[in-house]
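Fold and geometry: a report
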Amino acid sequence: MGIDVRVDVDRHENGGTFTNYDLIHGVVRLTTTTSISLTFIQVKLEGIATTQLTVPRVLKKKNQKENRDKLLQDVHKVLYDSLIVFPPENVRNVSSSKEFTLTPGDYTYPFQFKIPLNNSCVKTSGISNKVSFSRDNRQILVNNGNFNTNLIKNVAQNYFQAYPNTPSSLPDGQKMQNYHVTTQLPPSISDMGSFASVRYFVKVTCKRSSVFKANLRAFDPFTFLPLDLDSHNRPLFEGQQFEEFREVFFRKEMVFKNRIPEIVGIKVSKRAAADCKKALPSTPPLPQRKSIFSSFLGGGTSSPPTPPTRPASSSRRSSSSNTSLRHTSAAYEINASNVPFSFEVRFKYRPYLVPSHLPTFRLFLLSPQNPSRYSLAQYGYPDESNGLGVIYFQKLTVELRSTTNISVVETDGAGDVTHHGKSEDVIQLCNNTYQNLQFDLHDAKTSRSSSATSSSYVDTNMHELEIPRKYFDNCVVPGDLAPSFKTCNITRKYSLVIVGGFSSERISDFKDRAEVEKKVRYVDLFCSDVQVLSGLKLTSWLHSNASESNVSRTSDSKPALPERPSSKTRPSDDAHSSSSKDGESRLPTYDDVVRESSYQDDGEHLRARRRYQN
């Protein structure tokens, strides 16, 4: 006897990755070479979040203690929907039979589900769902606990007692708790092994009418990636027009001590000036050109006043006059000074990163000093730098740190104990070396940003110099990275670590490790709780699916896009309280217009889906 069943999910429209409000449809194919009797054929849409921990235990055995590790597993069904495709609904409504016969042949049953927005964690039912066998240590696992004598004993006691144990009567360290949360559906995760995983699939079960015959099953897994929504399930950045200028920053200060300007004004005594004049070689006087005014005043031959000597350029060099004045060092003074500045990363409120997109942050050098301090203003050249504020940007590394926290709730039938686990991973986004990339605080401008999460805070004394993004636009989050999320037993968070290497003078040989280590100083910025988005935003057809209350469960056709209301149509006064009874379209509201303006381009939307293959 040959019986084969399989389920095929249609993936050709979305690159194999589904999201909220998607219509996931496909067919069940059943082939049999002989007549079979079935109670029904059921298709299920499921999402399962599984965590697993090894917990050390101390067992007492004949007055002796024995150390033994115990494997615990926690399974949450975050998504569940079901549909009976055979027998048809009209047959089930009129027939009282619990058995239906299929003759030999090939059968096809279409199905369709709409993926919801939030999870709806349900308790697993059936012995096949609650009990599993671990190949790691060959233990029998029960969802939210282990198969042990205490579990059987406590369950039996609770069954026969009129009232089960209350939390106040439980032993210390144990408590009953509701650990289910309602959040947006988590993304698919498959790269952490048995420690944590989130799997989505469509499963078909052919229920046999005889208890002595095994049911026929098949499943087809698929990838899920949630939409980028805020805590109120609204598209991100929608309705945040009052926060578009808010920013959050992470800043750390650095000081270059005892720096000397590259161009300095020298105070020379009269004696040193005379010595300098004697030391300089004499040059023949240049012929003086008579001016009209000198002829009018008597034809004097005196030379015009000597113009102020313009200082040398801002580059570091030794002039001949400095060489000639080495023996008169006591006659002038050069004051060393400290150069404070800050390295800052700035995000729009709130901090986020988008996979496969350019960085959403900006980097700055900030100075608490007025830029005139780093100019030649006291010598009459305020637009030229004296070199004191020159900073050499040598290195930049950016790391994204992923933290996955899991929980496993163990129960023995009388109480619950929650065990926690953590896994951390570091993803290097960029490791750039610039080799004497020069910035000058003389070019800093008055800070136009509040550099704070409150628009009421503005430091008017701060001056900023932005590091162009072209120097770090390779800091891109991988497209297959799971976005930030939280579900019943798994939480994924991210933080960003930015390290900048700066020097107060040039590095002549970057292969010389001793020189590099001596001259380069590092400053690190730790950006906590940076949200990684999925890159998927709401589209017009997803919004149409979300608004559709009744979706055909067996149709495999894609719903038509809703028609935009005509500008010539004017609703009646009572049309706002209820939709037009004649089916006329209402005028779009302000929220509708804002939502429509935030729709993602279909091409970018599909590219974001294809990039996520976790």
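Residues numbered from 1 in each chain as written. Predicted model: local features only at pLDDT ≥ 70, side-chain atom pairs only at ≥ 80, totals over all residues. Heavy atoms only, no water.

As for the overall build of the chain
Broken down by element type, the chain carries 10 helices and 26 strands. Among the 614 residues that make up the chain, the fraction classed as buried is 41%. Contacts in the chain between residues far apart in sequence, at least 24 positions, make up 78% of those at least 6 positions apart. (Helix = DSSP H or I, 4+ residues; strand = E, 2+ residues; numbered from the N terminus. Buried < 20%, exposed > 50% of the residue type's maximum accessible area, 1.4 Å probe, protein only. Contact = heavy atoms within 4.5 Å.)

A closer look at the sheet that holds strand E7 (residues 105–114)
Strand order across the open sheet formed by 3 strands is E1-E3-E7, with antiparallel pairing between neighbours. The open sheet has two free edges, formed respectively by strand E1 (3–9) and E7, since each of these has just one partner strand. Each neighbouring strand pair of the sheet contributes to a mean axis angle of 15 degrees, computed without reference to strand direction. Relative to E7, strand E3 (residues 23–32) runs antiparallel, the two being bridged by 10 bridges. Bridged to Leu 30 within E7 is Tyr 107. (Pairing = 2+ DSSP bridges. Axes fitted to C-alpha atoms, helices over the stretch in contact; angles between N-to-C directions.)

Looking at the state of the cysteines
For the coordinates displayed, the defined rule picks out 1 disulfide. Put simply, Cys 430 and Cys 475 are joined by a disulfide, and their sulfur atoms are 2.4 Å apart. Since a negative S-S torsion denotes a left-handed disulfide, the Cys 430-Cys 475 link at about 55 degrees is right-handed. On the criterion of sequence distance, the pair formed by Cys 430 in strand E20 (residues 416–440) and Cys 475 in the loop between strand E22 (463–467) and strand E23 (485–486) is long-range, its members being 45 residues apart. Pair check on accessibility: Cys 430 and Cys 475 agree, each one buried. (Disulfide = S-S within 2.5 Å.)

Quick notes on the pattern of salt bridges
Evaluation of the coordinates by the stated rule reveals 18 salt bridges. The residue Lys 77 makes a salt bridge to Glu 46 at a minimum N-O spacing of 3.8 Å. With a gap of 31 residues between them, Lys 77 in strand E5 (residues 65–86) and Glu 46 in strand E4 (residues 36–60) connect regions that are remote in the sequence. Classification of Lys 77 by relative accessible area gives buried; the value is 8%. One salt bridge in this structure joins Asp 524 and Lys 252, with 3.2 Å as the shortest N-O distance. Pair noted here: Asp 524 is in strand E25 (residues 521–527) and Lys 252 is in strand E13 (residues 247–259), with a separation of 272 residues, a long-range link. Residue classification places Lys 252 among the partly exposed positions, given a relative accessible area of 34%. Among the charged side chains, a network of salt bridges with common partners joins Glu 247, Arg 251, Glu 344, Arg 346, Arg 362, Glu 464 and Glu 466. (Salt bridge = Lys/Arg side-chain N within 4 Å of Asp/Glu carboxyl O.)

A few points about the packing of aromatic side chains
With the rule as written, the count across this model stands at 19 aromatic pairs. Residues Phe 86 and Tyr 109 carry aromatic rings whose centres are separated by 5.8 Å and whose planes lie at 45 degrees to one another, so their mutual orientation is tilted. Of this pair, Phe 86 sits in strand E5 while Tyr 109 sits in strand E7, and the two are 23 residues apart along the sequence. Residues Phe 86 and Tyr 109 agree in their burial class; the two are buried. A cation sits over an aromatic face here: Arg 346 above Phe 364, 3.8 Å from the ring centre. (Phe/Tyr/Trp six-rings, centres within 6.5 Å; stacked < 30°, edge-to-face > 60°. Lys NZ or Arg CZ within 6 Å of the ring centre and 35° of its normal.)

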